[in-house]
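Residue-level structure breakdown
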Amino acid sequence: MFEDKSQELTPISKLGEFGLIKHLTEQFSLSNSSSELGIGDDAAVINPENKKVVLTTDVLAEGVHFNLGYVPLKHLGYKAVVVNLSDIAAMNAIPTQILVSLAVSNRFPVEALEEIYSGIQAACSRYKIDLIGGDTTSSNAGLVMSITAIGMENDENIVKRSGAKPNDLLVVTGDLGGAYMGLQILEREHAVFLADPNMQPEMEGYDYILERQLKPEARTDVKGILEQLDIKPTSMIDISDGLASEILHLSDRSEVGFRLYEEKIPMDSLTISTADEFNLNPVVTALSGGEDYELLFTISPNDFDKIKNHPDFTIIGHAVEKENGNFMVARGSNQLIALTAQGWDAFLSSN
């Protein structure tokens with residue numbers, strides 16, 4: 001948990017629940033005008049300022065969503081915030097506040113929670129959001145984190161999963177598959193360490209995909225870019241469980257099918273070479289890997305010229321009538337491969 005094994009650690013019992021909350025949050029300040037009252041009262045007060053309020057929450061459980069054998073606590077705090085902000089960004093809204101709740105076992109000292117909260121504070125600073133409340137309690141099952149994110153936006157700007165129409169273009173931000181390959185590197189080196197603690201991990205050269213796994217970023221910038229291009233998506237979702245799963249979610253909610261073109265899926269060269277190293281098909285890592293936290297959205301075909309050469313976006317397919325189903329068009333052929341939801345599922349998977 002800590003590199004310095006000799007440092008003196010503080011048991012949580014020394015501070016107590018309320019003293020712990022005060023200690024962990026005293027450095028947080030409010031920066032959004034919509035945050036009228038934050039930590040310190042029975043509940044927070046937010047003023048939506050005549051906007052719609054967008055809410056999302058995630059639970060992260062040790063041994064299911066993360067492995068503290070190789071995940072730094074500060075990175076964990078940062079990522080826990082980002083995965084929620086990504087959901088707000090997928091609604092084309094602006095994130096404004098978060099609430100953080102922790103359940104921790106007695107093996108975690110105060111200093112461990114300070115590390116987690118330093119990551120949370122870094123995310124709050126990076127994305128200009130306010131921590132306005134939460135809770136802490138004891139746990140008999142390691143560390144469990146629950147974060148609720150709040151966003152705000154004018155009603156007419158909110159984008160749902162349900163607006164895609166046949167012939168709409170399917171667009172993705174960034175590149176895909178990197179987070180999954182970063183996880184493979186971490187799992188491999190962790191297994192080597194467990195077998196021989198004297199072995200040094202071989203992480204050099206994998207920086208990009210390791211960062212994609214350990215410290216992803218939410219694409220809150222996309223809203224502004226699209227506004228500058230005068231484009232409003234017809235539907236949108238974030239890529240947390242793999243490209244194929246997210247396409248199927250859009251298909252279900254919008255009642256359309258999709259054609260995805262294999263040759264158009266954007267992947268970083270390091271993702272491709274690392275997949276080859278593990279004897280994996282790079283395309284599968286993009287389709288089913290998850291945790292990329294890029295945005296997948298549809299736009300009207302009338303907006304093609306506005307977006308076709310933009311470096312932040314890749315057009316990877318289009319919507320079709322629902323009865324035509326969801327298929328990937330294989331590279332170099334017209335072969336249709338059915339898209340299936342093989343992304344990560346917390347009830348089927350574990351670290």
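Parameters and conventions
Residues numbered from 1 in each chain as written. Predicted model: local features only at pLDDT ≥ 70, side-chain atom pairs only at ≥ 80, totals over all residues. Heavy atoms only, no water. Helix = DSSP H or I, 4+ residues; strand = E, 2+ residues; numbered from the N terminus. Rg over C-alpha atoms; globule rule 2.2 N^0.38 Å. Buried < 20%, exposed > 50% of the residue type's maximum accessible area, 1.4 Å probe, protein only. Contact = heavy atoms within 4.5 Å. Areas by Shrake-Rupley, 256 points an atom, 1.4 Å probe, with all protein chains shown as cover. Lys, Arg positive; Asp, Glu negative; His and termini not counted. Charge placed at Lys NZ, Arg CZ, Asp CG, Glu CD. UniProt positions renumbered as here; feature names shortened; annotations may be inferred. Polar contact = N/O pair within 3.5 Å; in protein donor to acceptor, adjacent residues only side chain to side chain. Pairing = 2+ DSSP bridges. Axes fitted to C-alpha atoms, helices over the stretch in contact; angles between N-to-C directions. Salt bridge = Lys/Arg side-chain N within 4 Å of Asp/Glu carboxyl O. Core = buried A, V, L, I, M, F, W, Y, C linked by side-chain atoms within 4.5 Å.

Looking only at helices and strands, one finds 10 helices and 13 strands in the chain. Over its C-alpha atoms the chain spans a radius of gyration of 21 Å, differing by no more than 12% from the 20 Å that the globule rule assigns to 351 residues. Principal-axis analysis of the C-alpha atoms gives the chain an extent of 65 × 55 × 30 Å. Counting only residues that meet the buried cut, the chain has 48% of its 351 residues in that class. Of the contacts formed within the chain by residues at least 6 apart in sequence, a portion of 85% connects residues at least 24 apart. Per element, the accessible surface of the chain, about 17,000 Å² overall, is 48% carbon and sulfur. Computed over 26 positive and 52 negative side-chain charges, the separation of the two mean positions in the chain equals 5 Å.

Here we come to the UniProt feature "binding site: substrate" (unreviewed entry) in the chain. Residues annotated in UniProt with the feature "binding site: substrate" (unreviewed entry) correspond here to His65, Glu291 and Trp344. Turning to its location among the elements, Glu291 is positioned in the loop between helix 9 (282-288) and strand 10 (295-299). Sequence-distant contacts of Glu291, that is, excluding residues within four places in its chain, are made with Lys79, Ala179, Arg212, Gln213, Ile239, Ser240 and Asp241. For Glu291, the side chain forms a polar contact with the side chain of Gln213, separated by 3.1 Å.

Attention now moves to the UniProt feature "binding site: Mg(2+) 2" (unreviewed entry) in the chain. The UniProt record marks Asp58 and Asp87 with the feature "binding site: Mg(2+) 2" (unreviewed entry), using the residue numbering of this structure. A compact arrangement is adopted by the annotated residues: their sequence extent is 30 residues, whereas the largest C-alpha distance between any two is 9.8 Å. Mapped onto the secondary structure, Asp58 falls in strand 3 (residues 52-61). The residues touching Asp58, leaving out its near neighbours within four places in the chain, are Val83, Asn84, Asp87, Met145, Ser146 and Ile147. Considering the arrangement of structural elements, one finds Asp87 in helix 2 (residues 73-89).

Among the residues making up helix 5 (residues 207-214), those that are buried are Ile209, Leu210, Arg212, Gln213 and Leu214. For helix 5, the elements touching its buried residues are helix 2, helix 4 (178-195) and helix 8 (269-277).

Bringing the sheet that holds strand 11 (residues 313-321) into the picture now. One open sheet holds the seven strands; their spatial order is 8-10-7-11-9-12-13, and the pairing between them is mixed. Strands at the two margins of the open sheet, each flanked by one partner only, are strand 8 (235-238) and strand 13 (336-338). Strand-to-strand twist in this sheet, taken as the mean axis angle between neighbours without regard to direction, amounts to 30 degrees. As judged from the four bridges shared by strand 7 (residues 169-173) and strand 10, these two strands associate in the antiparallel manner. From the neighbouring strand, Val172 faces strand 10, where its bridge partner is Leu296. Lying on the sheet, helix 7 (residues 243-254) is in contact with strand 7, strand 8, strand 9 (256-261), strand 10, strand 11 and strand 12 (326-329); it crosses strand 9 at an angle near 155 degrees.

Here we come to the pairing of strand 10. Remember that side chains alternate between the two faces of the sheet whenever the strand is regular. Burial analysis of strand 10 places five of its five residues in the buried class, the great majority of the element. Of the two faces of strand 10, both are covered, the one formed by Leu295, Phe297 and Ile299 as well as the one formed by Leu296 and Thr298. Pairing of strand 8 with strand 10, which is carried by four bridges, proceeds in the antiparallel orientation. When the sheet's bridge partners are listed, Asp238 is paired in strand 10 with Leu295.

Moving on: the pattern of salt bridges. This structure, assessed with the given rule, holds 17 salt bridges. Here Arg331 and Glu262 are joined by a salt bridge, their closest N and O atoms 4.0 Å apart. With a gap of 69 residues between them, Arg331 in the loop between strand 12 and strand 13 and Glu262 in the loop between strand 9 and helix 8 connect regions that are remote in the sequence. Overall, the relative accessible area of 13% leaves Glu262 in the buried class.

In this section: the nonpolar core. Of all hydrophobic cores here, the largest spans 51 residues; its most connected members are Ile98, Ile120, Leu143 and Met145. Here this core takes nine residues from helix 3 (residues 110-127), the largest share from any one element. Apart from residues lying up to four places away in sequence, Ile98 is in contact with Val81, Leu85, Ile120, Cys124, Ile129, Asp130, Leu131, Ile132, Gly133, Ile147, Thr148 and Ala149. Core analysis: the second largest hydrophobic core is formed by 23 residues, Phe258, Met267, Val283 and Met328 among them.

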